[in-house]
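Observations on the three-dimensional arrangement
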Amino acid sequence: MKTFRLIELAEQIGGTLRGNADLVISSIAPLDKAQQNQITFISNAKYRNQLVSSNAGAIIVNESDVEFCAEQQNIIIVKNPYVAYATLAQYMDSTPKPAENISPSAVIAEDAKLGQNVSIGANAVIESGVELGDDVIIGAGCFVGKHSKIGARTKLWANVAVYHNVHIGSDCLIQSSAVIGSDGFGYANEKGQWIKIPQTGGVIIGNRVEIGACTCIDRGALDPTVIEDNVIIDNLCQIAHNVHIGFGTAVAGGVIMAGSLKVGKFCQIGGASVINGHMEICDGAIITGMGMVMRPITEKGIYSSGIPLQPNKEWRKTATLTMNIDKINERLKAVEKQLKE
């Protein structure tokens with residue numbers, strides 16, 4: 001197991017160290033469980049009462065939390081402990097790579113272009129015309145279709161499927177069983193018979209994009225589906241054809257986006273939300289979990305919908321009132337009319 005001197009970690013996050021610079025740290029742990037060989041952090045003031053009793057070898061704090069620490073405790077003072085934690089988690093990360101070197105069982109087309117230090121796992125398939133940048137890692141069982149391009153340092157975990165004519169940028173991370181570039185749901189109806197519309201638009205994914213496990217991003221019908229730089233998409237999401245997601249947007253698990261939706265920059269979409277297609281959501285919009293978005297959002301803000309969970313008997317009453325809202329509204333108008341008269 002790799003270990004780190006405390007001063008090394010403090011320098012990595014640009015913090016001010018108070019305590020033993022030579023203390024050896026092996027990992028990060030929660031505030032209430034950390035031991036002498038571990039470092040922890042506090043990012044919520046409600047846990048200040050746990051600082052003095054923590055057994056952690058070192059604690060990352062901000063200036064306002066210093067007074068709640070014991071004099072003998074080793075602390076690193078930073079502006080934002082949570083960001084410092086994220087930085088250290090990357091620096092100390094011990095997660096294995098999806099693949100090492102090129103497996104003998106990988107099937108790689110003769111004309112595929114591989115950059116330097118590319119790794120391809122067992123039983124992966126790299127088709128004709130594919131271009132892989134430097135330090136790309138393709139996990140076991142992955143499929144990369146014809147003429148697709150994957151930028152430098154991008155990682156695909158096991159069993160990711162990348163269809164033909166898909167462009168993925170650099171420094172991306174795609175989790176297992178994601179499907180990029182599958183057909184969009186495009187059909188015409190002729191007297192009850194469905195006529196499939198070939199989806200030829202492809203997918204363009206920017207740099208520093210993360211895509212969760214089992215998420216599907218459909219290819220466009222004519223123009224491509226586009227995911228801009230610095231977007232994060234959680235597990236089990238459905239991104240339909242010709243969706244365009246702007247820079248820095250975060251999409252939580254289970255979200256469904258219908259076709260030709262345009263999502264602005266720096267939006268946050270809560271889990272299990274459903275968003276209608278052929279409309280726009282402006283920059284900076286926040287949609288809370290299980291939101292049902294049926295109309296465009298034109299002003300930055302926080303938006304919510306849905307009825308919170310209730311005991312079944314109460315929910316039945318709520319549902320009954322909802323179903324009778326038109327009748328209740330008519331009676332209310334009648335009462336208002338009588339009062340005016």
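Each remark here, short or long, concerns the structure printed above.
Residues numbered from 1 in each chain as written. Predicted model: local features only at pLDDT ≥ 70, side-chain atom pairs only at ≥ 80, totals over all residues. Heavy atoms only, no water.

1. With respect to the nonpolar core
Ranked by size, the top nonpolar core spans 50 residues in total, and within it Leu132, Ile138, Ile205, Ile217, Ile227, Met257 and Ile275 carry the most contacts. Every element with two or more residues in this core is listed here: strand S18 (166-168) and strand S23 (203-205). If we ignore the near neighbours within four places in the chain, the residues touching isoleucine 205 are His167, Ile168, Gly169, Cys172, Ile180, Ile211, Ile217 and Ile227. Ranked by size, the runner-up nonpolar core spans 16 residues in total, among them Ile25, Ala58, Ile60 and Ala84. (Core = buried A, V, L, I, M, F, W, Y, C linked by side-chain atoms within 4.5 Å. Buried < 20%, exposed > 50% of the residue type's maximum accessible area, 1.4 Å probe, protein only. Helix = DSSP H or I, 4+ residues; strand = E, 2+ residues; numbered from the N terminus. Contact = heavy atoms within 4.5 Å.)

2. Quick look at the environment of lysine 265
The residue lysine 265 is located in the loop between strand S32 (262-263) and strand S33 (268-269) in this model. For lysine 265, the residues in contact, after removing those within four places along its chain, are Gly246, Phe247, Thr249, Asp283 and Gly284.

3. Observations regarding the pairing of strand S5 (residues 38-41)
Across the two faces of S5 the burial is the same, with Gln38 and Thr40 and Ile39 and Phe41 all buried. With two bridges connecting them, strand S4 (residues 27-28) and S5 associate as parallel partners. Residue pairing in the sheet places isoleucine 28 in a bridge with isoleucine 39 of S5. Relative to strand S6 (residues 58-61), S5 runs parallel, the two sharing three bridges. Considered in S6, the bridge of isoleucine 39 is made with alanine 58. (Pairing = 2+ DSSP bridges.)

4. Things to note about a nonpolar patch on the surface
The grouping of Ile102, Ile108 and Leu114 at the surface amounts to a nonpolar patch, some 210 Å² of accessible area in total. Mapped onto the fold, leucine 114 is located in strand S9 (residues 113-114). On the basis of relative accessible area, leucine 114 is assigned to the partly exposed category, the value being 33%. (Patch = residues over 30% accessible without salt bridge, like charges linked within 9 Å, V, L, I, M, F, W, Y side chains within 5 Å. Areas by Shrake-Rupley, 256 points an atom, 1.4 Å probe, with all protein chains shown as cover. Salt bridge = Lys/Arg side-chain N within 4 Å of Asp/Glu carboxyl O.)

5. A few points about unusual backbone geometry
Within the chain, histidine 147 stands out as a residue other than glycine whose phi angle is a positive 65°. Secondary-structure assignment places histidine 147 in the loop between strand S14 (143-144) and strand S15 (149-150). For arginine 208, which is not glycine, the phi dihedral falls at a positive 60°. Counting through the fold element by element, arginine 208 comes out in the loop between S23 and strand S24 (210-211). Accessibility expressed as a relative area gives 41% for arginine 208, which makes it partly exposed.

6. Thoughts on the layout of surface pockets
One water molecule sets the probe size; rolling that probe over the atoms shows where empty space is left. Of the voids in this model, the largest pocket is the one considered here, and its volume is about 610 Å³. What lines the largest pocket is a set of 16 residues, among which Gln90, Asp93, Lys155, Leu173 and Glu210 lie closest to the centre. It is helix H2 (residues 81-91) that contributes the most residues to the lining of the largest pocket, three residues altogether. For the lining of the largest pocket, the class distribution of residues is seven nonpolar, three polar and six charged. (1 Å grid on protein atoms, 1.4 Å probe; cavity = no way out; pocket = protein on both sides within 12 Å on 5 of 7 lines; lining within 4 Å. Points joined across faces, edges and corners; volume = space filled by probe spheres on them. Nonpolar A, V, L, I, M, F, W, Y, C, P; charged D, E, K, R; others polar.)

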